[in-house]
Amino acid sequence: PEVPVICGEITGDGVVDLTDLTYLSQYLLKAITFDEAQTKAADINKDGTINLTDLARLRQFLSKKISEL
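Residues numbered from 1 in each chain as written. Predicted model: local features only at pLDDT ≥ 70, side-chain atom pairs only at ≥ 80, totals over all residues. Heavy atoms only, no water.

Some details on the pattern of salt bridges
Test applied: Salt bridge, as used here, is a side-chain nitrogen of Lys or Arg placed within 4 Å of a carboxyl oxygen of Asp or Glu. Secondary structure follows DSSP: runs of H or I at least 4 residues long count as helices, runs of E at least 2 residues long count as strands, and numbering of each begins at the N terminus.
On inspection of all chains with the given rule, the structure shows one salt bridge. Between lysine 40 and glutamate 36 there is a salt bridge; the shortest N-O distance is 3.9 Å. Highlighted residues: lysine 40 and glutamate 36, both in helix α2 (residues 36–42), separated by four residues, approximately one helical turn.

Given below as structure tokens:
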């Protein structure tokens with residue numbers, strides 16, 4: 001069975017926090033790569049690509065500008 005993926009929860013620690021934002025930033029800078037679960041979690045706007053839009057939404061969520069991802 002497939003493990004459910006929490007949107008924005010990239011690190012696998014069960015919490016969406018600044019560490020996830022850092023991982024996403026590093027991914028966009030091509031400093032790290034993601035596995036399949038991390039890729040699904042990082043595609044926050046679910047458009048099939050991971051880009052600055054996903055980073056911006058995660059940042060808005062963490063800064064409480066939006067209430068859900």
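Concerning the side chain of glutamate 9
For clarity, the threshold we go by: Categorising residues by exposure relies on relative accessible area from a 1.4 Å probe, with only protein chains included: less than 20% of the type maximum marks a residue as buried, more than 50% marks it as exposed, and the intermediate range marks it as partly exposed. In this count, Lys and Arg are taken as positive residues and Asp and Glu as negative ones, while His and the chain termini are left out. In what follows, a contact means two residues having at least one pair of non-hydrogen atoms within 4.5 Å.
Mapped onto the elements of the fold, glutamate 9 is located in the segment before α1 (18–28). Of the side chains bearing the opposite charge, lysine 46 lies closest to the buried glutamate 9, which forms no salt bridge; the N-O distance is 13 Å. Ignoring sequence-local partners within four residues, the contact set of glutamate 9 consists of Gly14, Val15, Val16, Asp20 and Ala41.

Looking at the packing of aromatic side chains
This is how it is decided: Stacked, edge-to-face and tilted are the three classes for Phe, Tyr and Trp ring pairs, Trp counted by its six-membered ring, which pair at centre distances within 6.5 Å; planes under 30 degrees apart are stacked, over 60 edge-to-face, the rest tilted.
A complete count under the given rule lists one aromatic pair for this structure. Ring centres of tyrosine 27 and phenylalanine 34 lie 4.3 Å apart, and the angle between their planes is 15 degrees; this geometry places the pair in the stacked category. Look at phenylalanine 34 and you get buried, because its relative accessible area is 13%.

Topic: the nonpolar core
Under the convention used in this document: Put simply, buried Ala, Val, Leu, Ile, Met, Phe, Trp, Tyr and Cys residues joined by side-chain atoms within 4.5 Å make one nonpolar core.
Within the largest apolar cluster, 11 residues are counted, these being Cys7, Ile10, Leu21, Leu24, Phe34, Ala41, Ala42, Ile44, Ile50, Leu55 and Leu58. Secondary-structure elements contributing two or more residues to this core are α1, α2 and α3 (52–62).

Things to note about α3
Every α-helical turn comprises 3.6 residues, leaving residues that sit three or four positions apart pointing alike. Applicable threshold: An arc is given here, and it is the one of the directions from the helix axis to the C-beta atoms. Residues adjacent in sequence count toward polar contacts only when both atoms are side-chain atoms; beyond that, a polar contact is any pair of N or O atoms within 3.5 Å, and within protein one must be able to donate a hydrogen and the other to accept it.
Within the sequence span of α3, burial applies to Asp54, Leu55 and Leu58. All buried residues of α3 project into a common sector of 100 degrees when viewed along the axis, lining one side. Within α3, the exposed residues directed more than 90 degrees away from the buried face are Leu52 and Arg59. Residues of α3 that are buried make contact with α1 and α2. Capping of α3 at its N-terminal end is provided by asparagine 51; its side-chain oxygen lies 3.0 Å from the backbone amide nitrogen of threonine 53.

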